[in-house]
Amino acid sequence: MLVKLSTDSVTSARADLLAIGVHGSLASPLVKAIDGATKKALGKLAKLERFEGKDGQTLRMTAAGLGASQVLLVGLGEGEPSVASARKLGAIAARAARSYGTVAIAAPSDDAAVVRALASGALLGGYRYTRYLTGDRVPVRTLGTIKLIVGKRTPALRDAAAAGVVLGESVNHARDLVNAPPNDLTPTALADFAAAQCKALGVPCKVWDKKGIEKLGMPLLLAVSRGSSQEPRFVHMTYTPKGVAPKAKVVFVGKGLTFDAGGLCIKPPKSMLDMKCDMAGAATTIGIVMAAARLELPVEVHGIIGATENMLGADAYRPGDVFPSRDGKSVEIINTDAEGRLVLADALAYARDLGADHLIDHATLTGACMVALGPHRAGLFTDDAKLADRYLSVAEAEGEAFWRLPLDRDQFEALKSDVADLKHAADRTGGAITAALFLREFAGEGSYMHLDIAGPSFQDGVHGVHPKGGTGFGVLTGVRFLESLGG
Ligand code: BES
Ligand code: MN
Ligand code: ZN
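This one's a predicted model, so the numbers in the text were calculated from it and none came from an experiment.

### Quick notes on the site of ligand 1
In the vicinity of ligand 1 lie 16 residues, with Lys267, Asp278, Asp337, Glu339 and Gly367 positioned nearest. Lys255 places a side-chain nitrogen or oxygen 3.2 Å from an oxygen atom of ligand 1. Between ligand 1 and Gly367 there is a distance of 2.7 Å, counted from an oxygen atom to a backbone nitrogen or oxygen. Isolated, ligand 1 exposes 520 Å² of accessible area, and the fraction of that covered by the protein chains is 78%.

### What about the coordination of the zinc ion (ligand 3)?
Looking at the zinc ion (ligand 3), one finds its protein donor set to be Lys255 (NZ), Asp260 (OD), Asp278 (OD) and Glu339 (OE), positioned 2.0 to 2.4 Å from the metal centre. One way to put it: the 6 donor atoms around the zinc ion (ligand 3) meet at angles of 78 to 173 degrees, and that makes the site octahedral. All donors to the zinc ion (ligand 3) come from one chain, and their sequence spacing reads K-x4-D-x17-D-x60-E. If you look at the zinc ion (ligand 3) and the manganese ion (ligand 2), they sit 3.2 Å from each other and are both ligated by Asp260. Linking Asp278 in the loop between helix 9 (269-273) and helix 10 (280-294) with Glu339 in the loop between strand 12 (331-332) and helix 11 (340-352), this pair joins segments that are 61 residues apart in sequence. Residue Asp278 shares its accessibility class with Glu339, and that shared class is buried.

### Re the packing of aromatic side chains
The geometry of an aromatic ring pair comes down to the distance between the two centres and the angle between the two planes. One pass over the full model with this rule turns up 8 aromatic pairs. Considering the side-chain rings of Trp208 and Phe234, the 5.5 Å spacing of their centres and the 55 degrees angle between planes classify their relative orientation as tilted. Placement of Trp208 in strand 7 (residues 205-208) and of Phe234 in strand 8 (residues 233-239) is noted, with a sequence separation of 26 residues between them. As far as burial versus exposure is concerned, Trp208 and Phe234 are alike and both buried. Relative to Tyr350, the ring of Phe234 lies with its centre 4.9 Å away and its plane at 80 degrees, an arrangement referred to as edge-to-face. Highlighted residues: Phe234 in strand 8 and Tyr350 in helix 11, separated in sequence by 116 residues. When sorted by exposure, Phe234 lands in the same class as Tyr350, which is buried. Residue placement shows Arg175 over the ring face of Tyr127; its charged tip is 5.2 Å from the ring centre. The ring of Phe442 has Lys329 lying over it, and the distance from NZ or CZ to the ring centre is 5.5 Å.

### Side note on the coordination of the manganese ion (ligand 2)
Within the protein, the atoms that donate to the manganese ion (ligand 2) are Asp260 (OD), Asp337 (O), Asp337 (OD) and Glu339 (OE), at distances of 2.1 to 2.2 Å. If you look at the manganese ion (ligand 2), its 6 donor atoms make angles of 72 to 167 degrees with each other, and the shape they trace is irregular. One chain supplies every donor to the manganese ion (ligand 2), and in sequence these donors are spaced D-x76-D-x1-E.

### Here we look at the sheet that holds strand 9 (residues 249-260)
Note on sheets: strands pair through backbone hydrogen bonds, and any given pair is parallel or antiparallel. Taken together, 8 strands build an open sheet; the order of strands is 7-8-10-9-13-17-14-15 and the sheet is mixed. Each edge of the open sheet is held by one strand with a lone partner, namely strand 7 and strand 15 (402-404). Pairs of neighbouring strands in the sheet enclose a mean axial angle of 20 degrees, with direction left out of account. In the sheet, strand 14 (residues 378-382) pairs with strand 17 (residues 448-452) via 4 bridges, with the strands oriented antiparallel. Each bridged residue has a counterpart across the sheet, and for Leu380 the counterpart in strand 17 is Leu451. Strands strand 8, strand 9, strand 10 (300-310) and strand 13 (358-363) of the sheet are contacted by helix 10, whose axis makes an angle of about 145 degrees with strand 9. Each of strand 13, strand 14 and strand 17 is contacted by helix 14 (residues 431-440), which is oriented at about 145 degrees to strand 17, the strand it contacts most.

### Some thoughts on the pairing of strand 6 (residues 145-149)
Among the 5 residues in strand 6, 5 count as buried, and that is most of the element. The alternating pattern of strand 6 places Thr145, Lys147 and Ile149 and Ile146 and Leu148 on opposite faces, both of which are buried. Relative to strand 6, strand 1 (residues 2-6) runs parallel, the two sharing 5 bridges. For Lys4, the partnering residue across the bridge sits in strand 6 and is Lys147. Pairing of strand 5 (residues 102-106) with strand 6, which is carried by 5 bridges, proceeds in the parallel orientation. Bridged to Ala104 within strand 6 is Lys147. In this fold, the crossover linking strand 5 to strand 6 by way of helix 4 (residues 112-125) has right-handed handedness.

### Overview of helix 3 (residues 83-96)
In this model, helix 3 (14 residues) spans 20 Å end to end at C-alpha, consistent with the 20 Å of a helix rising 1.5 Å per residue. Residues of helix 3 that are buried include every one of Val83, Ser85, Ala86, Arg87, Leu89, Gly90, Ala91, Ala93 and Ala94, and no others. Elements in contact with the buried residues of helix 3: strand 2 (17-22), strand 4 (70-75), strand 5, helix 4, helix 13 (385-398) and helix 15 (475-486).

### So, the packing of helix 10 against helix 15
Viewed as axis vectors pointing N to C, helix 10 and helix 15 meet at an angle of 40 degrees, and their least axial separation amounts to 9 Å. Between helix 10 and helix 15, the crossing angle belongs to the class labelled oblique. The chirality of how helix 10 crosses helix 15 is right-handed. For the pair helix 10 and helix 15, the contacting residues are Thr284, Gly287, Ile288, Ala291 and Ala292 in the first and Val475, Gly478, Val479 and Leu482 in the second. Counted by class, the contact of helix 10 with helix 15 contains 6 nonpolar, 3 polar and no charged residues.

Calculation rules
Residues numbered from 1 in each chain as written. Chains lettered and ligands numbered in written order. Predicted model: local features only at pLDDT ≥ 70, side-chain atom pairs only at ≥ 80, totals over all residues. Heavy atoms only, no water. Near = heavy atom within 4 Å. Polar contact = N/O pair within 3.5 Å; in protein donor to acceptor, adjacent residues only side chain to side chain. Areas by Shrake-Rupley, 256 points an atom, 1.4 Å probe, with all protein chains shown as cover. Donors = N, O, S within 2.8 Å, 3.2 Å for Na, K, Ca; no water. Tetrahedral: all angles 85-135°; square planar, octahedral: opposite > 155°, others 65-115°. Helix = DSSP H or I, 4+ residues; strand = E, 2+ residues; numbered from the N terminus. Buried < 20%, exposed > 50% of the residue type's maximum accessible area, 1.4 Å probe, protein only. Phe/Tyr/Trp six-rings, centres within 6.5 Å; stacked < 30°, edge-to-face > 60°. Lys NZ or Arg CZ within 6 Å of the ring centre and 35° of its normal. Pairing = 2+ DSSP bridges. Axes fitted to C-alpha atoms, helices over the stretch in contact; angles between N-to-C directions. Contact = heavy atoms within 4.5 Å. Right-handed = clockwise from strand over helix to strand, strands pointing away. Expected span 1.5 Å × (residues − 1). Parallel < 35°, antiparallel > 145°, perpendicular 65-115°, else oblique. Left-handed = near helix turned anticlockwise from the far one by under 90°. Nonpolar A, V, L, I, M, F, W, Y, C, P; charged D, E, K, R; others polar.

See the structure below:
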């Protein structure tokens, strides 16, 4: 998908589909221009269909008298154009034109943030996962060109569109990783992908194999991987800005379970089916580091991934087992399906030694978080109130939904073990909170935040700018957060 800026008028722009955002009223000059050029056909159809530009409404019309073959009006609700509404407009337009050659989208304004969001939205909407399709399942045509119609083609808007493309591609890479089948996306393949991306961008990347992980000292990561015939991998990517002193240092850690069968505490088939998505935290982490490097953000960014499968091989770890950890604390295994927090515990203990300003993990950690917040919202856990406020506010601007959940100290009692320093899981009540409390034990004393993305990283159907399947949730907010530190 190629994104271009164009200063054509909406009536003359050539495209298979022309999309225009409507903010709660059809009185905008763009809509009026189209209505005039189509001899009022658009206005008539809008009346007939009761299209008023409400959020979620769309109106599509084949058009004579225009440069474009079809017009799509996209309702965005009342209010001024924003980053979130522009991204939605881009996504809905590109999705509608997915099997056409060219889509033209009228930018709601010449604001750089709006144009950037429009470009990224278009890439998100045009996304399809087709890697494993053959024969007549292969799409005949895919969206080739995305024309963004702006008032003036300035260098600032060109940069904005290019940045939007970087964001869109970073999210789409994360989606590709999540959608990849687990027989192909093994822990080794995941690490190889990260290393290849880093190499292409000149970002140093260290990868440890099983022996290396043994030497590094990660007993909990190794415990989880025991049941699998696939080797685990540990990945550390480091982006450092060139020519400037970094404004901040942030470490992102991602859960990279390329498949979670639950281990001996095996999952029922229905819950297991989607468990290729259990490396979404790793995918988001890779997406953030790649975007930071490509946008040359003035912030030092580390990306750390613990990658393994959670299987049931003869040597699989058991409930009742006790393992040491990288941190030193001993851990009693309660339920082998609570594997993510074990992998993260060792990864966090490694990451905290980097001494960053902020340590942030993304993990598809608990079903309990989805029970609490529903399928579209991620849980946010931190003791750092300033960090929480900043993250929640950039997330809202980006249109990604998070909710701060408490780290209630009294629930920590539930993690006391008779035989070890800690139990790694408690009973069902407050399951997302006890998981977060467990992680906090390994994250050190600095500013730390855990993001439980179990819900929004993988969707049952199209939702907002996201397709069915992997969403790449968290990349947009993570990048915007880094940008907010660089100002
Ligand atoms: N990967 C799952 C969590 C998950 C569930 C992610 C649904 C995405 C969708 C995690 O490893 C897990 O199995 N968690 C258990 C923990 C429990 C055994 C304490 C859970 O949530 O049931
Ligand atoms: Mn599990
Ligand atoms: Zn898991």
